[in-house]
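Working through the structure, step by step
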Amino acid sequence: MGTLAGGDPAKLDIEELLATRLLVQGNSGSGKSHLLRRLLEQSAKWVQQVIIDPEGDFVTLADKYGHVVIDADRTEAELAGIADRIRRHRVSCVLTLEGLEIEQQMRAAAAFLNGMFDADREFWFPVLVVVDEAQMFAPSMGGDVSEDARRMSLGAMTNLMCRGRKRGLAGVIATQRLAKLAKNVAAEASNFLMGRTFLDIDMARAADLLGMDRRQAEMFRNLKRGNFVALGPALSRRPLPIVIGNVETSARSSSPKLMPLPDAPQDVEDLIFTPDPEEFTRPIVRRAPPAPRPTTDILAELSRAAPAGGEDQPSAATPSRPAAPEISAEEREERLAAVLDEILADPQAAYRTDSVLYQEFLVRARMRRVGGPPMAMGEFRRRVAISRSGVDEETVASEGWATALSLSAQVSDDLQGVFLLLAKAALTREVCPSDQRIAKAYGTHSARRARRLLGYFEEQGLMVVHTDFSGKRIVAFPDLQAETAPGDPNATDEAGGEVPSAAE
Ligand SMILES: Nc1ncnc2c1ncn2[C@@H]1O[C@H](COP(=O)(O)OP(=O)(O)OP(=O)(O)O)[C@@H](O)[C@H]1O
Ligand SMILES: [Mg+2]
């Protein structure tokens, strides 16, 4: 693999590796891909190799070592068929997943791995199966991809690492983030090459896997690029620092290098802005999938045309579907208020963003068959603010409240809830809300932010904050001619006795 500290060669026993598998871990740039390349080059003539290559980095092995390059942009059946033939004919290959969306990459890798796994018994010859960026294919947690793709890919990786040995499949997996790699997949490797690792959580996982105590694992933090600690039956019985040697082929992508810029030409603007005649006919290449429509749009549209009966009429043919059964304005208002109450009753609601709450509101309103145009986001926010202020019916009917509402128009949407909370406390002569209570109305756990908000309102001339002789806070509203009763800013036991956040 390279050299030991004294300059002796660092060796890896491939036959042993076939039975005991290898896990390579190290942060980005620590030299994992280089290490895999070294391993592949050195063992190419001894053992069949299959590389699952997310970046298309290893295709350069083809020229020198004869690996077949397989572009993964094929159907799953095709990939499984190719995988089967790869085993029959014992040909080394690189499955390049470059250019596919992550979910497609997972499906393709899974189809290919399963194809190899399912080969007939007579073709169970030993193969090194190298998977770079293994946390992508065997993630420890669900992510942005569909559950189906995740399960498929995780299943294939689990088969490779847990049940592959008997079938001749020897998994060699590399990951940047051990903590992001599914535990059962990592745990099946008995050999480890640990490179630079700086996150505590990855270090702790590494220490657990290697049976080291955590202090000992600190040594992974200071490893240089290309330096790894080797441990396992195919490598060394004790943790052994090694330096990975040179490689014959090069990665297609390498670390960026600084390059002097050319002297700016005189006519630089001309150069950049003069269009190339082809520009207007060339199709625009989309790198990213088209942005998904915001859920709020879809929901708003759905609630505009709620079906009266079943869902079975094709909507294209019947553009104006019958609307939801007519309900009176009062009934509609009542239902909307009920939905709003329901959503805000959740103790966590205070910490969700308004747009999340709004979406939930639209869904529930639709489930209740509240017809008519959907409530606009601005109106929704205003209602949430009013509801959060905890104002009662009597106060709502008062002149003071009307003034408070008109004053609240002077502050931005996200501050209205806090403003109305304080105004209501003043109008009803309640004790001044604590920092914690104010923070919650603002959707944060931070008391410091709450105090900053008060400062801001004061600057705007909306209120005057003062402290009584015992250190209690009073908020007075000149325009309402009202002020709160003195309240302890540090009180923590209101609003359901929530525990203040540790971050404070
Ligand atoms: N032992 C080494 N000797 C010389 N150069 C090395 C060595 N190890 C790594 N490099 C170089 O360092 C750069 C980063 O290495 P590499 O691509 O292997 O990192 P990586 O751990 O795979 O990172 P990532 O997780 O981002 O893929 C590459 O340009 C590689 O050529
Ligand atoms: Mg890499």
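Scroll up a little and you will see the structure.
All values derive from a computational prediction rather than experimental measurement.

Okay, the overall build of the chain next. Tallying secondary structure elements over the chain gives 20 helices and 14 strands in all. Looking at the chain residue by residue over its 504 residues, the buried ones come to 44%. Pairs at least 24 apart in sequence give 68% of the contacts found in the chain among residues at least 6 apart. Counting every atom, the chain has about 27400 Å² of accessible surface; 51% of that belongs to carbon and sulfur.

Looking now at helix α20 (residues 447–459). For α20, spanning 13 residues, the distance from its first C-alpha to its last is 19 Å, which sits close to the expected 18 Å at 1.5 Å a residue. Packed against the buried residues of α20 are α18 (413–427), α19 (435–441), β12 (464–467) and β13 (473–477). Taken from the residues just after α20, Gly 461 is the one with a positive phi, measuring 75°.

Attention shifts here to the packing of α18 against α20. Close contact between α18 and α20 brings their axes to 11 Å; oriented N to C, the two are set at 80°. Considering their axes alone, α18 and α20 lie roughly perpendicular with respect to each other. The segment α18 lies against α20, with Leu 415, Val 418, Phe 419 and Leu 422 engaging Leu 453, Leu 454, Tyr 456 and Phe 457. Residues that form the contact of α18 with α20 fall into these classes: 8 nonpolar, no polar and no charged.

Moving on to the packing of helix α13 (residues 329–345) against helix α14 (residues 354–367). For the pair α13 and α14, the least separation of the axes is 10 Å and the interaxial angle reads 135°. If you check the angle between α13 and α14, you find them oblique. Relative to α14, the crossing made by α13 is right-handed. Across the interface between the two elements, Leu 336, Val 339, Leu 340, Glu 342, Ile 343 and Leu 344 of α13 pack against Leu 357, Glu 360, Phe 361, Arg 364 and Ala 365 of α14. For the contact of α13 with α14, the per-class residue count stands at 8 nonpolar, no polar and 3 charged.

Another point: the pattern of salt bridges. Tallied over the entire structure, the rule returns 22 salt bridges. Linking Asp 200 and Arg 221 is a salt bridge whose minimum nitrogen-to-oxygen distance equals 2.8 Å. With Asp 200 in helix α9 (residues 200–210) and Arg 221 in the loop between α10 (214–217) and β10 (227–232), this pair connects stretches of sequence that are 21 residues apart. Salt-bridge contacts for Arg 383 lead to Glu 379; the nearest nitrogen and oxygen are separated by 3.0 Å. Of this pair, Arg 383 and Glu 379 both sit in helix α15 (residues 377–389), 4 residues apart, which is roughly one turn of that helix. Taking relative accessible area as the criterion, Arg 383 reaches 19% and is therefore assigned buried. Here the salt bridges share partners, and the residues they tie into one network are Glu 333, Glu 379, Arg 382 and Arg 383.

On to the side chain of Gln 416, then. Residue placement: Gln 416 occurs in helix α18. Residue Gln 416 is classed as buried on the basis of its relative accessible area of 9%. In contact with Gln 416, other than residues within four places in its own chain, are Arg 382, Ala 385, Ser 408, Ala 409 and Val 411.

Moving on, we get to the sheet that holds β13. Strand order in the open sheet made by the 3 strands is β12-β13-β14, with antiparallel pairing throughout. Pairing within the sheet leaves two strands with one partner each, and these edge strands are β12 and β14 (482–483). Note: β13 against β14, 2 bridges, orientation antiparallel. The partner of Ala 476 across the bridge, within β14, is Glu 483. Most of the contacts of α18 go to β13, to which it runs at about 95°, and overall it touches β13 and β14.

Below, the discussion takes up the site of ligand 1. As a structural note, the neighbourhood of ligand 1 is formed by 15 residues, with Ser 28, Gly 29, Lys 32, Ser 33 and His 34 the closest of them. Between an oxygen atom of ligand 1 and a side-chain N or O atom of Lys 32, the distance comes to 2.6 Å. Considering every element that reaches the shell around ligand 1, the biggest residue donor is helix α2 (residues 32–43), with 3 residues. When the residues that make up the shell around ligand 1 are grouped by side-chain class, the tally is 1 nonpolar, 11 polar and 3 charged.

Counting 54 residues, the largest nonpolar core has Ile 52, Phe 112, Met 157 and Phe 220 as its most contacted members. Considering each element in turn, this core owes the most residues, 9 residues, to helix α5 (residues 102–117). Ranked by size, the runner-up nonpolar core spans 30 residues in total, among them Leu 18, Leu 22, Leu 36 and Ala 170.

This part covers unusual backbone geometry. Of note in this structure, Arg 21 is not a glycine but carries a positive phi near 60°. When you line up the elements, Arg 21 lands in the loop between α1 (14–20) and β3 (22–25). Overall, the relative accessible area of 8% leaves Arg 21 in the buried class. The phi torsion at Glu 133 lies on the positive side, around 55°, for a residue other than glycine. Judged by relative accessible area, which is 14%, Glu 133 ranks as buried.

With that settled, the discussion passes to a nonpolar patch on the surface. Taken together, the side chains of Val 268, Leu 271, Ile 272 and Phe 273 present a nonpolar region at the surface, about 450 Å² in accessible area. By the secondary structure assignment, Leu 271 is in helix α11 (residues 268–273).

A contiguous patch of positive charge, built from Arg 121, Arg 163, Arg 165 and Lys 166, is present on the exposed surface. Tracing the backbone through its elements, the reader meets Arg 121 in the loop between α5 and β7 (127–131).

This part covers α18. Spanning 15 residues, α18 covers 21 Å between terminal C-alpha atoms, matching the ideal 21 Å at 1.5 Å per step. For α18, a buried count of 12 out of 15 residues is recorded, marking the element as mostly surrounded by other parts of the structure. If you check which residues of α18 are buried, you get Leu 415, Gln 416, Gly 417, Val 418, Phe 419, Leu 420, Leu 421, Leu 422, Ala 423, Lys 424, Ala 425 and Ala 426. Backbone geometry just downstream of α18 places Arg 429 in the positive-phi region, at approximately 55°.

The rules we used
Residues numbered from 1 in each chain as written. Chains lettered and ligands numbered in written order. Predicted model: local features only at pLDDT ≥ 70, side-chain atom pairs only at ≥ 80, totals over all residues. Heavy atoms only, no water. Helix = DSSP H or I, 4+ residues; strand = E, 2+ residues; numbered from the N terminus. Buried < 20%, exposed > 50% of the residue type's maximum accessible area, 1.4 Å probe, protein only. Contact = heavy atoms within 4.5 Å. Areas by Shrake-Rupley, 256 points an atom, 1.4 Å probe, with all protein chains shown as cover. Expected span 1.5 Å × (residues − 1). Axes fitted to C-alpha atoms, helices over the stretch in contact; angles between N-to-C directions. Parallel < 35°, antiparallel > 145°, perpendicular 65-115°, else oblique. Nonpolar A, V, L, I, M, F, W, Y, C, P; charged D, E, K, R; others polar. Left-handed = near helix turned anticlockwise from the far one by under 90°. Salt bridge = Lys/Arg side-chain N within 4 Å of Asp/Glu carboxyl O. Pairing = 2+ DSSP bridges. Near = heavy atom within 4 Å. Polar contact = N/O pair within 3.5 Å; in protein donor to acceptor, adjacent residues only side chain to side chain. Core = buried A, V, L, I, M, F, W, Y, C linked by side-chain atoms within 4.5 Å. Patch = residues over 30% accessible without salt bridge, like charges linked within 9 Å, V, L, I, M, F, W, Y side chains within 5 Å. Lys, Arg positive; Asp, Glu negative; His and termini not counted. Charge placed at Lys NZ, Arg CZ, Asp CG, Glu CD.

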